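Summary of the model geometry
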Amino acid sequence: MKRRRRRARRMPAIAWKPLAIGLGLLGSSLAIIAGTWWAAPRAWRAIHDHPYFAIRQITVRGNSRLSRAQLLGWAGLHAGSSIWDASPDPVRARLLEHADLADADVRRDFPHRLVISVHERNPLAIAVLDDLYYVDRGGHLMDRLRDSDSRDLPLITGLSMAEMNGRGLLLLQRATRLIRLCLREGCGDSVSEVNVDADRGVTIIPLHRPVAILLGWGDWRTKLARTTRVLAAWEGQESRLAQLDATFANQVIVRLRQQPDDKSHKHGQRETKPGVRT
């Protein structure tokens with residue numbers, strides 16, 4: 001029997017040339033990546049620190065109470081620093097941390113100019129806390145007063161700095177709301193002081209009339225109208241008034257100052273004005 005010869009299987013030939021090309025391309029790519037990884041930070045640092053991008057001009061607009069130097073110091077900016085470090089959003093966020101600023105806008109004009117526009121808060125009153133602080137129309141506590149700042153504003157008393165992180169801030173806002181109402185309605189006189197008590201409410205002291213007016217909480221417009229009529233009835237005799245209490249419904253309680261030589265007060269008697277309950 002004839003034996004069948006087994007045919008030897010030939011191994012397929014390896015395409016060395018394409019393989020070498022592929023490995024070469026892979027090696028080149030890795031080299032480029034490694035080179036970029038090494039060179040990119042150095043290139044960026046060279047651009048970042050180049051004098052061409054140094055800030056040469058900083059324009060500040062809208063400031064009056066805060067000086068240019070104060071604003072730049074608060075924002076951490078100075079001429080000569082790199083404009084790449086003056087990213088608008090972080091600079092604006094730092095500016096708005098200042099209690100006297102309501103808004104701010106920051107713009108970079110490459111390669112070396114920066115424009116800052118600010119909107120300062122306008123003080124409405126002065127809060128007497130651990131020191132004197134301006135308060136704006138929204139009841140926002142501003143920075144403490146400097147020696148050169150005006151003090152010709154209504155005082156808000158009865159609160160403490162320790163309360164400003166909680167209920168005290170709400171009471172401060174309500175006090176400023178009353179002052180705004182007095183500015184609109186007149187309140188019979190300019191307001192010198194607003195005293196705030198969480199339980200009893202607010203008491204105002206007119207600027208030119210030495211009498212405390214207890215308003216309590218709520219319905220201030222109606223209460224102010226009633227006390228204005230009472231003050232008109234006592235015109236010329238305001239020095240005799242110690243307090244007007246408008247916390248009762250439809251009436252104002254008038255408390256008189258104790259006079260040493262007033263016999264009627266010694267015997268517990270009180271004077272009465274028409275339409276006024278005492």
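Residues numbered from 1 in each chain as written. Predicted model: local features only at pLDDT ≥ 70, side-chain atom pairs only at ≥ 80, totals over all residues. Heavy atoms only, no water.

1. Observations regarding the nonpolar core
- Formed by 36 residues in total, the largest nonpolar core has its most connected members in Leu178, Val194, Leu215 and Leu244.
- Sorting the residues of this core by element identifies strand E4 (123–128), strand E5 (132–136), helix H4 (167–185), strand E8 (191–197), strand E9 (201–206), strand E10 (212–216), helix H5 (220–233) and strand E11 (241–245) as the ones contributing at least two each.
- The element that contributes the greatest number of residues to this core is H4, accounting for seven residues.
- Ignoring anything within four residues of it in the chain, the contact list for Val194 reads Leu155, Ile156, Thr157, Ala175, Leu178, Ile179, Val202, Thr203 and Ile204.
- Of all hydrophobic cores here, the second largest spans 19 residues; its members include Ala75, Leu101, Val106 and Leu114. (Core = buried A, V, L, I, M, F, W, Y, C linked by side-chain atoms within 4.5 Å. Buried < 20%, exposed > 50% of the residue type's maximum accessible area, 1.4 Å probe, protein only. Helix = DSSP H or I, 4+ residues; strand = E, 2+ residues; numbered from the N terminus. Contact = heavy atoms within 4.5 Å.)

2. Notes on the environment of Ser87
- Tracing the sequence through the fold places Ser87 in the loop between helix H2 (68–75) and helix H3 (88–95).
- For Ser87, a relative accessible area of 28% translates into the label partly exposed.
- Along the chain, Ser87 and Arg107 lie 20 residues apart, while their C-alpha atoms are 8.5 Å from each other.

3. Regarding the sheet that holds E4
- Taking strand neighbours across the sheet as the criterion, the nine strands line up as E6-E5-E4-E7-E8-E9-E10-E11-E12 in an open arrangement whose pairing is mixed. At either margin of the open sheet sits one strand with a lone partner, and together these are strand E6 (141–144) and strand E12 (253–256). Strand after strand, the sheet turns through a mean of 25 degrees between neighbouring axes, direction not considered.
- Across six bridges, E8 lies against E9 in antiparallel orientation. Counterpart to Val191 in the pairing with E9 is Pro206. (Pairing = 2+ DSSP bridges. Axes fitted to C-alpha atoms, helices over the stretch in contact; angles between N-to-C directions.)

4. Details of the pairing of E11
- Of all the five residues making up E11, four are buried; the element is thus mostly covered by neighbouring parts of the structure.
- Two strands pair when backbone bridges link them, and E10 and E11 are joined in this way by three bridges, in the parallel orientation. Its bridge partner lying in E11, Leu214 is registered against Asp245.
- On the question of chirality, the crossover connecting E10 to the parallel E11 by way of H5 is left-handed.
- Where E11 meets E12, four bridges bridge the pair, whose relative direction is antiparallel. When the sheet's bridge partners are listed, Gln243 is paired in E12 with Arg255. (Right-handed = clockwise from strand over helix to strand, strands pointing away.)

5. A closer look at H5
- Look at H5: 20 Å from first C-alpha to last across 14 residues, which is about the 20 Å you get at 1.5 Å a residue.
- Those residues of H5 that sit buried are Trp220, Lys223, Leu224, Arg226, Thr227, Val230 and Leu231. Down the axis of H5, the buried side of the element spans an arc of 165 degrees, and every buried residue falls inside it.
- The secondary structure elements touched by the buried residues of H5 are H4, E9, E10, E11 and E12. (Expected span 1.5 Å × (residues − 1). Arc of directions from axis to C-beta.)

6. Quick word on the packing of aromatic side chains
- Per the stated rule, a full pass over the model turns up four aromatic pairs.
- Ring geometry for Tyr52 versus Phe53: centroids 5.1 Å apart, planes at 85 degrees, classification edge-to-face.
- The exposure class of Phe53 is buried, given its relative accessible area of 17%.
- Centre to centre, the rings of Trp84 and Phe110 are 5.0 Å apart; their planes meet at 50 degrees, and the pair counts as tilted. (Phe/Tyr/Trp six-rings, centres within 6.5 Å; stacked < 30°, edge-to-face > 60°.)

7. Remarks on the side chain of Asp149
- For Asp149, the position within the fold is in the loop between E6 and strand E7 (155–157).
- A polar atom in the side chain of Asp149 sits 2.6 Å from the side chain of Arg65.
- Every residue in contact with Asp149, bar those within four places of it in the chain, is listed here: Arg65, Tyr134 and Arg144. (Polar contact = N/O pair within 3.5 Å; in protein donor to acceptor, adjacent residues only side chain to side chain.)

8. Considering the layout of surface pockets
- Size it by volume and the largest pocket reaches roughly 270 Å³.
- Lining the largest pocket are 15 residues, and of these Leu153, Pro154, Ser190, Val191 and Ser192 lie nearest its centre.
- The set of elements that each furnish at least two residues to the lining of the largest pocket consists of H4 and E8.
- Ranked by residues supplied to the lining of the largest pocket, first place goes to H4 with three residues.
- Residue composition of the lining of the largest pocket, by class: nine nonpolar, three polar and three charged. (1 Å grid on protein atoms, 1.4 Å probe; cavity = no way out; pocket = protein on both sides within 12 Å on 5 of 7 lines; lining within 4 Å. Points joined across faces, edges and corners; volume = space filled by probe spheres on them. Nonpolar A, V, L, I, M, F, W, Y, C, P; charged D, E, K, R; others polar.)

9. Some words on the pattern of salt bridges
- Within this structure, the stated rule accounts for 10 salt bridges.
- Here Asp136 and Arg121 are joined by a salt bridge, their closest N and O atoms 3.0 Å apart. Of this pair, Asp136 sits in strand E5 while Arg121 sits in the loop between strand E3 (113–120) and E4, placing them 15 residues apart in sequence. Considered together, Asp136 and Arg121 belong to a single accessibility category, that of buried residues. (Salt bridge = Lys/Arg side-chain N within 4 Å of Asp/Glu carboxyl O.)

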